[in-house]
Amino acid sequence: MVMTATGDLIIPLLGTPATVGLARTLADAWMRKWGYSHILDDALLVVSELVTNAAHETPREEIRFQLSRDAQGVVIAVWDSGLGAPQPRPFRRLTLDDLDLSEEAFDDNGGWGLHIVQALSARCGATRDLNGGKWVWARMAP
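Residues numbered from 1 in each chain as written. Predicted model: local features only at pLDDT ≥ 70, side-chain atom pairs only at ≥ 80, totals over all residues. Heavy atoms only, no water.

Notes on the environment of Thr19
Moving on, step 1. Mapped onto the secondary structure, Thr19 falls in helix H1 (residues 17-34).
Moving on, step 2. Sequence separation between Thr19 and Ala55 is 36 residues, and the spatial gap between their C-alpha atoms is 8.0 Å.
Moving on, step 3. Residues contacting Thr19, with those up to four places away along its chain left out, are Leu13, Leu14, Val51 and Ile63. (Helix = DSSP H or I, 4+ residues; strand = E, 2+ residues; numbered from the N terminus. Contact = heavy atoms within 4.5 Å.)

Remarks on the nonpolar core
Moving on, step 1. Ranked by internal contacts, the top residues of the largest apolar core, which has 30 residues, are Met31, Leu50, Val51, Phe65, Leu67, Val74 and Ile76.
Moving on, step 2. Those elements giving two or more residues to this core turn out to be strand S2 (9-14), H1, helix H2 (40-57), strand S3 (62-70), strand S4 (73-80) and strand S6 (134-140).
Moving on, step 3. Sort the elements by how many residues they give to this core and H2 lands first, with 8 residues.
Moving on, step 4. Apart from residues no more than four positions distant in its own chain, Ile76 is found in contact with Ala43, Val46, Val47, Leu50, Phe65, Gln66, Leu67, Val136, Trp137, Ala138 and Met140. (Core = buried A, V, L, I, M, F, W, Y, C linked by side-chain atoms within 4.5 Å. Buried < 20%, exposed > 50% of the residue type's maximum accessible area, 1.4 Å probe, protein only.)

Section: the side chain of Thr16
Moving on, step 1. When you line up the elements, Thr16 lands in the loop between S2 and H1.
Moving on, step 2. Residues within four places of Thr16 in sequence aside, it is in contact with Ala55 and Arg60.

Structural notes on the pattern of salt bridges
Moving on, step 1. Counting across every chain of the model gives 5 salt bridges.
Moving on, step 2. Between Glu57 and Lys134 there is a salt bridge whose closest N-O contact spans 4.0 Å. Placement of the pair is Glu57 in helix H2 and Lys134 in strand S6, with a sequence separation of 77 residues.
Moving on, step 3. Here Glu62 makes a salt bridge to Arg64, at a shortest N to O gap of 2.8 Å.
Moving on, step 4. Assessed through its relative accessible area of 37%, Glu62 is described here as partly exposed.
Moving on, step 5. It is possible to trace a salt-bridge network through shared partners that takes in Glu57, Asp80 and Lys134. (Salt bridge = Lys/Arg side-chain N within 4 Å of Asp/Glu carboxyl O.)

Dropping the structure here:
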């Protein structure tokens, strides 16, 4: 784990489902320390979505989680070595009839996380890293 001079957090993690909980725990502690508890629930949901996507894109490989702050708020960023740009599903209004609720498809109704990130953040996007891979990020306004 690296803490920068400004108190930002950068930590390498392994792309697994368990990593999501660790990233959320770290984000929770840092955001409370910085006094951003009023946006904590939204920020933790964004952390979950971004880390889950990175772990899914590069399973069992290194990903990096970064949490930083500046005058405009908090930036949540996750790096992975994957080449694919994040692509949200086409937006449409969902009903329960759209979901496959069978036991076989219990966890196969995903793909809506980027819409959640877009809705909860002030800005979000993806940036290619010159050293390889990409950073997917979201700015949370205070």
